[in-house]
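These are the residues of each chain, in order.
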Amino acid sequence: MMNRTLLRLGQLTALGALALLGLIDVQSGMLAGRDLGLWQIAAAVAAAGVWLPVHRPESRRLPQVALGLAAQSLLLTVVVAASSNEGGTWGLAESAALLGVLMVVARRGRARWATAACGALLLAVAVLPLRSGDPPTYLTFALLQALAGAAAIGVGVYLRTLEGNRQRALDTVRTEQRAEFARDLHDFIAHHVTGIVVQAQGARFIAEQDPKRVLLALEQIEQAGAETMASMRRMVGVLRDPESQPDAPLAPVAGVPDLEALTEQFTAAGGPPARLHVDGETAGLPVEVSTSAYRVVMEALTNARQHAPAATAVDVWLRRTPDHLLLRVANDGPPPRPATPRDRPGYGLAGLAERVRAVGGQITTGPGVDGGWVVDVVLPLNSHL
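Draft legend 1. Inspection of the overall build of the protein at higher detail. Counting its secondary structure elements, the protein contains ten helices and five strands. Taken across its 385 residues, the protein has 38% of its residues classed as buried. Sequence-distant contacts, at least 24 apart, represent 75% of the contacts inside the protein between residues at least 6 apart. Carbon and sulfur atoms make up 62% of the accessible area of the protein, which totals about 21,400 Å².

In structure tokens:
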């Protein structure tokens, strides 16, 4: 709202300045030759009509219209210079308006058309003083207006460069944000879906032995499915255009405080029990660290369910020091077999490594000293405080 108000004030100020220059033109005798004077006033008004409105970036129509303005200004200069009418100004309002058009075209016009339009406008602005009928005056002010035109082009190009850099930075941030939430989508969905599959498999085996337990398994499957759908809606909402989804969350909400519920859900879904061990105060952790720790545990539990079905337990250790948050997820199952070229590539560990590096942390994975598989993560705290 404030930007729009400032824009309107700027437009009114510019219009007032052009009107003042127009009055100076009229008082200096521009209307002495009535038809040519009216043409000059109309040319100034037309140029102002192109300069004052807000144009979209990379406009093709803007430089095309500017070419038309330059052509009619050059024609008017030839006609006025060839007439017997002398004295008065050459059109200060038109000069100022054309300089404004020059800047806007350099800033907003499509590059291919803007180059030609700027050249034509610069020529038109430079020869405008020729209408005065006084060669020494023409030469002096022609140079001044040419310099002013070059400055207008420079300002327009500078603003264009700033906008381009800003847009590229926004595109980079948007791309990184979408990549981040794509990893979140993988983490959430992969965790819940693998749990649903395990519960469904377990329900099939216990259906004949204990039908009542099937109902409990179905309730857990329903809950996991609902959580999966909610996670998917949240992440897909962020992957959409933020302008069309202004209320979409900009950061995942699950963090270290949710680890207890996560391990309980993992245990309830079947497979090896997950045990959480916390050493130190975990309240007040930076959100980047908290959410990253949660994602590490989620992915590690998902991998344990998929690749270590023979494990008897999965232990999650969390320890906070003055400078770091230390995290370890270990299972006592046999290490996973090496991947073969025919295996479907996974993005879990790669996503974890990227996420941890993004917050300045370190991650190591591999077989434990006593067997099993261990994921160790160190997340710095000081750089986020």
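Draft legend 2. A look at helix 4 (residues 92–108). In this model helix 4 runs 24 Å from its N-terminal to its C-terminal C-alpha over 17 residues, within 8% of the 24 Å that 1.5 Å per residue would give. Looking at helix 4, one finds that the buried residues are A93, E94, S95, A97, L98, G100, V101, L102, V104, V105, A106 and R108.

Draft legend 3. Broad picture of the environment of V377. Structurally, the position occupied by V377 is in strand 5 (residues 373–380). Taking the relative accessible area as the measure of exposure, V377 reaches 1% and is therefore buried. Sequence-wise, V377 and T364 are 13 residues apart; in three dimensions their C-alpha atoms are separated by 6.5 Å. Apart from residues no more than four positions distant in its own chain, V377 is found in contact with V296, L325, L326, L327, V356, Q362 and I363.

Draft legend 4. Quick look at the pairing of strand 5. Where strand 3 (residues 324–331) meets strand 5, eight bridges bridge the pair, whose relative direction is antiparallel. Among the inter-strand pairings, L327 is bridged to a residue of strand 5, identified as V377. In this sheet, strand 5 lies alongside strand 4 (residues 362–367) in antiparallel orientation, the contact comprising six bridges. Paired with T365 across the strands is V375, a residue of strand 5. In sequence, strand 4 turns back onto strand 5 through a hairpin of five residues, with G371 there showing a positive phi of about 100°.

Draft legend 5. How the structure looks around the nonpolar core. By size, the foremost hydrophobic cluster in this structure holds 29 residues, and its most contacted members are V297, L325, L327 and L379. Mapped onto this core, the elements with two or more residues apiece are helix 8 (259–268), helix 9 (287–307), strand 2 (314–320), strand 3, helix 10 (348–358) and strand 5. With nine residues, the top contributor of residues to this core is helix 9. Filtering out sequence-adjacent residues up to four positions away, L327 remains in contact with A293, V296, V297, V316, W317, L318, V375, D376 and V377. Of all hydrophobic cores here, the second largest spans 24 residues; its members include V50, A97, A114 and A124.

Draft legend 6. Up close: the sheet that holds strand 2. Ordered in space as 1-2-3-5-4, the five strands form an open sheet in which the pairing is mixed. Two strands close off the open sheet at either side, each with one partner strand: strand 1 (274–279) and strand 4. Within the sheet, the average angular offset between the axes of one strand and its neighbour, ignoring direction, is 10°. Two strands pair when backbone bridges link them, and strand 1 and strand 2 are joined in this way by six bridges, in the parallel orientation. Residue pairing for strand 2: D279 is matched across the bridge by R319. Together, strand 1 and strand 2 form the strand contacts of helix 8, whose direction differs from that of strand 1 by roughly 160°.

Draft legend 7. View of the pattern of salt bridges. Tallying each qualifying case throughout the model produces six salt bridges. In this structure, R160 engages E58 in a salt bridge whose closest nitrogen and oxygen atoms are separated by 2.7 Å. Taken together, the positions of R160 in helix 6 (residues 135–206) and E58 in the loop between helix 2 (34–51) and helix 3 (61–82) put the pair 102 residues apart, joining distant regions of the chain. Between R275 and D315 there is a salt bridge; the shortest N-O distance is 2.8 Å. You can see R275 sitting in strand 1 and its partner D315 sitting in strand 2, a full 40 residues away along the chain. Since its relative accessible area comes to 40%, R275 is described here as partly exposed. Connected through shared salt-bridge partners, R107, R108 and E163 make up one network.

Draft legend 8. Focus on a positive patch on the surface. On the surface, R56, R60, R110 and R112 cluster together into a positively charged patch. Note on placement: R112 falls in helix 5 (residues 111–127).

Draft legend 9. Helix 9, seen in detail. Relative to the 30 Å expected for 21 residues at 1.5 Å per residue, helix 9 spans 30 Å between its end C-alpha atoms, a close match to the ideal helical length. For helix 9, a buried count of 17 out of 21 residues is recorded, marking the element as mostly surrounded by other parts of the structure.

Draft legend 10. Quick peek at the environment of R112. Judged by its relative accessible area of 76%, R112 falls in the exposed class. Sequence spacing of R112 and E58 is 54 residues, and the spatial spacing of their C-alpha atoms is 9.7 Å.

Draft legend 11. Layout of the packing of helix 8 against helix 9. Put simply, helix 8 and helix 9 touch, their axes get as near as 11 Å, and they point 10° apart. Viewed along their axes, helix 8 and helix 9 adopt a mutual orientation that is roughly parallel. When helix 8 is examined against helix 9, the residues L259, L262, T263 and F266 are found in contact with a partner set consisting of Y294, V297, M298, L301 and R305. Its residues placed into classes, the contact of helix 8 with helix 9 shows seven nonpolar, one polar and one charged.

Reading the values: the criteria
- Residues numbered from 1 in each chain as written.
- Predicted model: local features only at pLDDT ≥ 70, side-chain atom pairs only at ≥ 80, totals over all residues.
- Heavy atoms only, no water.
- Helix = DSSP H or I, 4+ residues; strand = E, 2+ residues; numbered from the N terminus.
- Buried < 20%, exposed > 50% of the residue type's maximum accessible area, 1.4 Å probe, protein only.
- Contact = heavy atoms within 4.5 Å.
- Areas by Shrake-Rupley, 256 points an atom, 1.4 Å probe, with all protein chains shown as cover.
- Expected span 1.5 Å × (residues − 1).
- Pairing = 2+ DSSP bridges.
- Core = buried A, V, L, I, M, F, W, Y, C linked by side-chain atoms within 4.5 Å.
- Axes fitted to C-alpha atoms, helices over the stretch in contact; angles between N-to-C directions.
- Salt bridge = Lys/Arg side-chain N within 4 Å of Asp/Glu carboxyl O.
- Patch = residues over 30% accessible without salt bridge, like charges linked within 9 Å, V, L, I, M, F, W, Y side chains within 5 Å.
- Lys, Arg positive; Asp, Glu negative; His and termini not counted.
- Charge placed at Lys NZ, Arg CZ, Asp CG, Glu CD.
- Parallel < 35°, antiparallel > 145°, perpendicular 65-115°, else oblique.
- Nonpolar A, V, L, I, M, F, W, Y, C, P; charged D, E, K, R; others polar.

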